[in-house]
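Notes for the structure review
So the chains spell out like this:
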Amino acid sequence: MTVEILNLSTLKAIKNSVIGNRIAKAMLGRDEAYVAKLIECVHAPPSAGLQNESETELRVEAAHIIASLSYGSCDALGTLLRLAALQTLVYAVSTFQPSDPPVLRAALTRALRALAAAIADAVGPSQWGLAPTVSDVRADAKIALDFLFQPEVLDVYMPLLLDSSSQVNAAVAQLIYVATRSPEHRATVQEWCPPAERTREAKGKRGWERRETTTSPTRQGGWMVRTLTSLLQRKDIKLQEAVLLALACLTKDSISLARRLAKAPLGTESVLSMVLNLSKARNIDLQLAAALCVTNILRACVPSSPDSPVLPNEQTTAITIMHVLSRIIGSDTASNNARTRACFILYYLVSDNRVFCQLAFERNSLGTVASLISKITPIEKSVDDEEDEPESVSRLREAALTAVAAISLHDNDIRTAVTDDLRLVPAIQASLSNPYIGVRYAACQCARALSRAVSALRTNIVDTGLGLAVFQLFMKEDEDRQVMHASSAVICNIVTNFSPLRTTLLEQGVIARLIQLLHADDKDLKLNALWAFTNMLYKASPELKHEVVNAIGWVEINSLLLNPDTRLQEQMLHMLRHVADGVEDVEFLTSGVGGTGELLGILAEAMESDNEDVVLQAVFVLANVANSATYQKNILSHSRILGRLRDCLIDAKVEIRRPAVSCVLELARQNPRSYKELHDAGIDATLRHMLEHIHVSASPTLRFAAGRQMGAEDDLEVQDKARQALHWLEQAQLNREADPDS
């Protein structure tokens with residue numbers, strides 16, 4: 001379908017045919033000649049033969065079609081990228097004149113926003129859940145997205161936040177939200193300010209002195225925050241929603257900006273307080289935008305760690321947002337899209353924080369989400385029914401399961417509520433076979449959370465068949481890579497020695513499948529495979545240890561020990577720690593890696609790593625080797641090992657000091673002649689220093705402050721073993737002095 005002449009009636013007909021019609025979009029997208037005419041019309045509208053039609057109307061309709069083509073068809077997006085539609089729209093926006101009609105300015109800005117959103121979606125990550133597929137145009141889209149954040153391009157569309165049209169303001173705010181996905185782009189937008197202000201900043205009091213931009217009041221989000229906050233005070237719901245989303249985007253993981261929004265200047269209301277009030281508005285979209293903004297501010301202020309403390313006022317804010325989200329999730333009138341976003345916002349709010357998870361449980365947010373899952377997830381459903389399920393329902397189920405997984409990840413009581421009180425296991429199991437990738441992924445995340453509870457692992461996960469259902473998904477070689485990541489994480493939990501499923505999984509080929517993942521190009525899959533082997537070999541029989549090690553192969557083991565990815569190094573050492581937890585097993589390990597000297601060299605290298613997790617596992621392996629009297633002489637003659645052991649006693653965290661001092665104690669206790677080597681390495685002096693000043697205070701806090709700062713030990717377990725080791729060394733010294741010829 002090639003149209004030689006563009007006219008208003010034709011453009012309107014084309015617009016009506018492609019809106020909401022992916023097939024029509026794909027067909028039009030493959031007609032590069034016509035799409036090129038549309039782009040040309042936006043760039044420089046034709047002037048011949050248009051006496052009866054407005055050039056402005058033509059540009060507006062062409063912009064509408066380009067905006068529609070951006071979504072729903074990868075072919076159409078690819079065509080727009082090849083024909084430089086993004087650059088054309090940026091140029092068109094850069095040529096705005098005060099006399100341009102508001103409808104034209106709004107249409108072109110919206111087209112830019114729509115195309116930017118489609119490009120960002122192609123690049124990723126997805127803003128709401130898992131992206132179903134990887135876009136074929138991702139490489140080209142990434143180039144286009146980086147172009148959009150170039151300083152000279154930002155100078156084109158960012159000033160439109162000050163445009164007189166609320167529609168243009170909203171379109172630019174929406175563009176910030178939909179396009180800003182990476183930390184680098186986020187920082188670029190936060191620091192942007194108009195060229196005139198940058199010029200003023202570049203000058204000092206005498207005209208030539210340059211100020212540090214990092215301390216500039218307009219940088220670090222200053223201009224953006226002021227401008228967006230000003231727009232937020234307008235009584236335009238669509239504009240307020242767009243501004244809230246832009247603020248939510250910019251505050252994500254930005255501690256300094258989040259604190260600025262949470263703190264109220266003297267005599268004024270904080271931005272956070274304004275946003276909280278908007279979360280109680282009647283409009284659901286406005287409520288959700290406000291809830292997302294508050295969530296991102298809150299989570300930027302609360303460190304991302306399960307045990308991070310949460311202040312009382314932060315808990316109160318979180319409870320307010322939970323109530324807003326629960327009303328939307330439990331509403332029969334809210335759209336599936338709105339409830340999907342509400343579930344994901346709840347997930348963002350509670351993710352990886354015990355306090356927020358407990359609040360979600362106590363305030364019945366978990367119960368509300370569970371009720372929704374039960375309502376939209378038939379336990380017995382035919383394949384045809386699943387394939388006919390609307391995508392909006394699948395995405396809602398994905399969001400709800402994701403929220404349940406996050407809330408139940410850290411607490412056994414919550415996990416018990418999920419399995420016994422809310423009875424969600426059948427719905428989770430049914431979701432593992434759902435055609436929608438995101439649903440299967442989220443169901444695996446739920447199974448992973450539940451499998452962390454020993455009681456659930458021994459009862460519900462076995463009795464319902466959930467564990468075997470995950471295993472069947474895990475064994476599918478053609479499964480989506482993201483689902484494979486999630487299912488392999490579940491396998492890590494159900495191959496442990498206390499899992500009733502371990503024997504069944506071993507019989508059904510779990511080792512061979514894990515070996516396949518270990519040889520995959522994906523490092524995360526490699527890591528999960530090693531993690532599963534580590535858990536599998538904890539207190540395992542010698543036969544199982546030999547089977548796993550032989551399946552991996554010593555060549556591969558040595559290669560992983562030297563892998564530049566410290567996560568793989570750490571997990572490989574952790575596995576070998578379990579392999580060598582007995583005297584006979586130590587011999588198996590040393591012969592496998594090429595001898596005692598080779599093993600000690602590997603451990604010395606690992607103990608010198610900058611990564612504390614690698615050091616920790618290396619010290620544990622060394623401690624296991626030291627338990628075997630056969631190899632203690634080799635350790636004592638290895639000055640590099642002894643030097644690192646001493647360093648671990650001095651500088652390392654307590655989790656490393658404990659196995660390190662255990663190793664020293666074993667060497668001192670079982671080797672009366674070990675005094676010289678340990679003395680030459682300075683270990684006896686280190687032990688004495690560790691035991692000094694421990695009488696300073698009985699208070700753990702004061703003991704730590706006064707003790708570790710002076711090199712003394714504050715951990716009671718380390719103290720006790722250090723004292724024992726020093727006793728054996730001093731006894732060996734006395735014996736040596738009494739019998740110099742011994």
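Treat the numbers as computed from the prediction; the structure is a model and nothing was measured.

Criteria and cut-off values
Residues numbered from 1 in each chain as written. Predicted model: local features only at pLDDT ≥ 70, side-chain atom pairs only at ≥ 80, totals over all residues. Heavy atoms only, no water. Helix = DSSP H or I, 4+ residues; strand = E, 2+ residues; numbered from the N terminus. Buried < 20%, exposed > 50% of the residue type's maximum accessible area, 1.4 Å probe, protein only. Contact = heavy atoms within 4.5 Å. Areas by Shrake-Rupley, 256 points an atom, 1.4 Å probe, with all protein chains shown as cover. Lys, Arg positive; Asp, Glu negative; His and termini not counted. Charge placed at Lys NZ, Arg CZ, Asp CG, Glu CD. Core = buried A, V, L, I, M, F, W, Y, C linked by side-chain atoms within 4.5 Å. Disulfide = S-S within 2.5 Å. Axes fitted to C-alpha atoms, helices over the stretch in contact; angles between N-to-C directions. Parallel < 35°, antiparallel > 145°, perpendicular 65-115°, else oblique. Left-handed = near helix turned anticlockwise from the far one by under 90°. Nonpolar A, V, L, I, M, F, W, Y, C, P; charged D, E, K, R; others polar. Arc of directions from axis to C-beta. Polar contact = N/O pair within 3.5 Å; in protein donor to acceptor, adjacent residues only side chain to side chain. Salt bridge = Lys/Arg side-chain N within 4 Å of Asp/Glu carboxyl O.

With that settled, consider the overall build of the protein. From N to C terminus, the protein includes 46 helices and zero strands. Over its C-alpha atoms, taken along the principal directions, the protein stretches across nearly 115 × 75 × 50 Å. Buried residues in the protein amount to 54% of all 742 residues. Once local pairs closer than 6 in sequence are excluded, the contacts in the protein between residues at least 24 apart make up 72%. Per element, the accessible surface of the protein, about 33,000 Å² overall, is 51% carbon and sulfur. Within the protein, the 87 negative side-chain charges are centred at a point lying 7 Å from the centre of the 75 positive side-chain charges.

As a further point, take the nonpolar core. Judged by nonpolar contacts, the single largest core of 266 residues is most densely connected at L148, L161, M224, V350, V510 and L687. Looking at this core element by element, the count peaks at 15 residues for helix α7 (residues 102–123). Each residue touching L687, except ones within four places of it in the same chain, is listed here: L649, V661, V664, A722, A725, L726 and L729.

The linkage connecting G124 with the following residue, P125, adopts the cis geometry, with an omega of 0 degrees. Within the secondary structure layout, P125 lies in the loop between α7 and α8 (138–148). Residue R423 is not a glycine yet carries a positive backbone phi of 50 degrees. Not every positive phi belongs to a glycine, and K539 is a case in point at roughly 50 degrees.

This part covers the environment of T188. In this structure, T188 sits in helix α11 (residues 183–190). Placed 292 residues apart in sequence, T188 and D480 show a C-alpha to C-alpha distance of 34 Å. Setting aside residues up to four positions removed in sequence, T188 forms contacts with F149 and L154.

Another point: the state of the cysteines. Working definition of a disulfide: a covalent bond connecting the sulfur atoms of two cysteines. Evaluated as defined, the whole model comprises zero disulfides. Free cysteine: C249, not disulfide-bonded; nearest cysteine sulfur from C293 at 10 Å. Judged by its relative accessible area of 6%, C249 is buried. Here C343 is not cross-linked by a disulfide; its sulfur's nearest cysteine counterpart is in C446, at 11 Å.

Packing of helix α4 (residues 55–70) against α7 leaves a shortest axis separation of 8 Å and a crossing angle of 15 degrees. As summarised for this structure, α4 and α7 are arranged roughly parallel, according to the angle between their axes. Crossing handedness for the pair α4 and α7: left-handed. Along its contact with α4, which presents T56, R59, V60, A63, H64, A67 and S70, the element α7 presents V103, L104, A107, L108, A111, A114, L115 and A118. Its residues placed into classes, the contact of α4 with α7 shows 11 nonpolar, three polar and one charged.

Along helix α20 (residues 354–362), the positions that sit buried rather than exposed are F356, C357, L359 and A360. All buried residues of α20 lie within an arc of 160 degrees about the axis, which places them on one face of the element. Those residues of α20 hidden inside the fold are in contact with α17 (284–301), α18 (312–329), α19 (336–350), α21 (365–376), α23 (391–407) and α24 (412–421). Two or three places before V355, at the opening of α20, N353 has a side-chain oxygen 3.0 Å from that residue's backbone nitrogen.

We now examine the pattern of salt bridges. Taken as a whole and judged by the stated rule, the model has 33 salt bridges. In this structure, E61 and K15 form a salt bridge, with 3.1 Å as the shortest nitrogen-oxygen distance. Residue E61 is located in helix α4, and its partner K15 is located in helix α1 (residues 8–18); the two are separated by 46 residues in the primary sequence. Here E61 falls in the buried class, since its relative accessible area comes to 8%. Between E612 and K653 there is a salt bridge, with the nearest N and O atoms lying 3.8 Å from each other. Here K653 lies in the loop between α41 (639–651) and α42 (654–670) and E612 lies in helix α39 (residues 612–626), a separation of 41 residues in the sequence. Exposure remark for E612: the relative accessible area of 41% places this residue in the partly exposed category. According to the relative accessible area criterion, K653 is partly exposed, its value standing at 26%. Through salt bridges with shared partners, a single ionic network connects R658, D715, E717 and K721.

Note that every value here comes from positions in space, so none of it alone points to a role or purpose.
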